[in-house]
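Structure assessment
Given next are the chains, with one letter for each unit.
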Protein chains: 2
Amino acid sequence: MVLQALADPSRRTVLEILRDHPATAGELADALPIARPGVSRHLRVLREAGLVDVRAEAQRRIYSLRPEALVEVDEWLEGYRALWQNRLDALHTEIARGKIARREKAGQ
Amino acid sequence: MVLQALADPSRRTVLEILRDHPATAGELADALPIARPGVSRHLRVLREAGLVDVRAEAQRRIYSLRPEALVEVDEWLEGYRALWQNRLDALHTEIARGKIARREKAGQ
DNA sequence: CCCCAACATAACCAACCTGTTACGTAACCG
DNA sequence: CGGTTACGTAACAGGTTGGTTATGTTGGGG
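Below or above, wherever it landed, is the structure these notes cover.

Definitions and cut-offs
- Residues numbered from 1 in each chain as written.
- Chains lettered and ligands numbered in written order.
- Predicted model: local features only at pLDDT ≥ 70, side-chain atom pairs only at ≥ 80, totals over all residues.
- Heavy atoms only, no water.
- Pairing = 2+ DSSP bridges.
- Helix = DSSP H or I, 4+ residues; strand = E, 2+ residues; numbered from the N terminus.
- Expected span 1.5 Å × (residues − 1).
- Buried < 20%, exposed > 50% of the residue type's maximum accessible area, 1.4 Å probe, protein only.
- Arc of directions from axis to C-beta.
- Contact = heavy atoms within 4.5 Å.
- Lys, Arg positive; Asp, Glu negative; His and termini not counted.
- Salt bridge = Lys/Arg side-chain N within 4 Å of Asp/Glu carboxyl O.
- Near = heavy atom within 4 Å.
- Polar contact = N/O pair within 3.5 Å; in protein donor to acceptor, adjacent residues only side chain to side chain.
- Axes fitted to C-alpha atoms, helices over the stretch in contact; angles between N-to-C directions.
- Parallel < 35°, antiparallel > 145°, perpendicular 65-115°, else oblique.
- Nonpolar A, V, L, I, M, F, W, Y, C, P; charged D, E, K, R; others polar.
- Phe/Tyr/Trp six-rings, centres within 6.5 Å; stacked < 30°, edge-to-face > 60°.
- Lys NZ or Arg CZ within 6 Å of the ring centre and 35° of its normal.

Let us look at the pairing of strand β3 (residues 60–65) of chain B. All names here are of chain B. Bridge analysis of strand β1 (residues 23–24) against β3 gives two bridges, and the strand direction is antiparallel. Bridge assignment links Ala 23 to a residue of β3, and that residue is Tyr 63. Pairing between strand β2 (residues 52–57) and β3: six bridges, direction antiparallel. Within the sheet, the bridge partner assigned to Val 54 lies in β3 and is Tyr 63. Hairpin geometry of β2 and β3 is characterised by an intervening segment of two residues between the two adjacent antiparallel strands and by a positive phi of about 55° at Ala 58.

What follows deals with helix α4 (residues 36–48) of chain A. Residue and element names in this part refer to chain A. Given a rise of 1.5 Å per residue, 13 residues ought to cover 18 Å, and the 18 Å separating the end C-alpha atoms of α4 matches this to within 8%. Those residues of α4 that fall on the buried side of the exposure criterion are Val 39, His 42, Leu 43 and Leu 46. When α4 is viewed along its axis, its buried side chains cluster within an angular range of 100° and face the same direction. Looking at α4, the residues exposed on the side facing more than 90 degrees away from the buried face are Pro 37, Arg 41 and Glu 48. Where α4 is buried, its residues touch α1 (2–6), α2 (9–20), α3 (25–31), β2 (52–57) and β3 (60–65). Positive phi shows up at Gly 50, right after α4, with a value of about 80°.

Turning our attention to the side chain of Arg 12 of chain B. As for its placement among the helices and strands, Arg 12 of chain B is situated in helix α2 (residues 9–20). Buried and unpaired, Arg 12 of chain B has Glu 72 of chain A as its nearest opposite-charge partner, separated by 7.1 Å. The contact partners of Arg 12 of chain B, leaving out residues within four places of it in the chain, are Leu 3, Trp 76 and Tyr 80 of chain A together with Leu 6 and Ala 7 of chain B.

Of all residues adjacent to DNA strand C, which total 20 residues, the nearest are Ala 35, Arg 41 and His 42 of chain A together with Ser 40 and Tyr 63 of chain B. Here the atoms of DNA strand C within 4 Å of the protein split so that 61% fall in sugar or phosphate, with bases taking the remainder. Between DNA strand C and the protein, one listed contact pairs a phosphate oxygen with a side-chain N or O atom of Asp 8 of chain A at 3.3 Å. Note that a phosphate oxygen of DNA strand C is positioned 2.7 Å from one of the backbone N or O atoms of Ala 35 of chain A. Listing elements by their share of the surface near DNA strand C, those giving two or more residues are α4 of chain A together with α3 (25–31), α4 (36–48) and β3 of chain B.

Once that is clear, we can look at the sheet that holds β2 of chain A. What links the strands of a sheet is backbone hydrogen bonding, and the strands pair in either a parallel or an antiparallel sense. Residue and element names in this part refer to chain A. Across the sheet, which stays open at both edges, the three strands sit in the order β1-β3-β2 with antiparallel pairing between neighbours. Two strands bound the open sheet, and with one partner strand each, they are β1 (23–24) and β2. The sheet strands contacting α2 are β1, β2 and β3, and the helix crosses β3 at an angle near 90°. Its contacts with the sheet place α4 against β2 and β3, and it is angled at close to 120° to β2.

Quick look at the protein's contact with DNA strand D now. Lining the immediate surroundings of DNA strand D are 22 residues, of which Ser 40 and Tyr 63 of chain A together with Ala 35, Arg 41 and His 42 of chain B lie closest. Counting only atoms of DNA strand D within 4 Å of the protein, the fraction found in sugar and phosphate groups is 62%. Contact distances for DNA strand D include 3.2 Å between a phosphate oxygen and a side-chain N or O atom of Arg 11 of chain B. In the environment of DNA strand D, a phosphate oxygen lies 2.6 Å from a nitrogen or oxygen atom belonging to the backbone of Ala 35 of chain B.

All names here are of chain A. One can describe the packing of α2 onto α4 by two numbers: an axis separation of 10 Å at closest approach and a directional angle of 75°. The orientation of α2 relative to α4 falls into the category roughly perpendicular. Every residue of α4 that contacts α2 at Ser 10, Arg 11, Val 14 and Leu 15 is listed here: His 42, Leu 43, Val 45 and Leu 46. Classifying every residue of the contact of α2 with α4 gives five nonpolar, two polar and one charged.

Below, the discussion takes up the packing of aromatic side chains. Under the criterion given, the structure shown has two aromatic pairs over all chains. Both rings, one in Trp 76 of chain A and one in Tyr 80 of chain A, keep their centres 4.8 Å apart while their planes meet at 40°; by these two values the pair is tilted. Residue Trp 76 of chain A and its partner Tyr 80 of chain A are both found in helix α5 (residues 71–106); the two are separated by four residues, about one turn of the helix. For Trp 76 of chain A, a relative accessible area of 22% translates into the label partly exposed. The exposure class of Tyr 80 of chain A is buried, given its relative accessible area of 1%. Over the aromatic face of Tyr 80 of chain B sits the side chain of Arg 19 of chain A, whose NZ or CZ is 4.6 Å from the ring centroid.

Structure, rendered in structure tokens:
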């Protein structure tokens, strides 16, 4: 569900704003190139994914980031992290060892 | 684009299989509850996102994971990792404090 | 050779976004 | 109070998605 929520750029923008400070729905809407009701629904998706919190303050709704929800993504990534790190290590080794030789060969 | 590709469960299953070993399109299709052409298109999405590689071997297409593409996700997460770690630290502190209190209580 | 196996692409369809405008509602403000 | 502000939800339009069946295409094996 979280990865699904993160797939949309508008929603990622919202998270980026909330990373710096909580904001009202109106402030978030002003920061996005879409109309208010669209933002409202994005906020609902984020809320249902556990990525944001809402708190009512008079007629304002103050949204704030709930970064713990991202742990799920981090844990998913964990199962792959070793792999790309190995690959990058291998690449670096490869570069260090053969870059010049291969370049000369390829350049013929 | 990568996050978009990761949003679909079938595609995540494909990645999970490829994490262990490369596989042909047919093997991947057998592992999924959907028909072959659907898998073909998922594979295309994954390829376009840079998440998998294909290599032709006779009439087989051998797909393999390209974990470097996940670095992008990791880097995106990086901007949030500190936040949830702080939150978790606070939680742990809280727990540790509560534990002590409870221990003292129990010890009375 | 011919045919089958392994795959991709095409064409199609239902379902689901993502945006819109229109409307409803709760709380403050004059 | 009555209006306005700050939202949310409803209803709707379109494009995209995720699945399907049908139709190539390419390479190998009998």
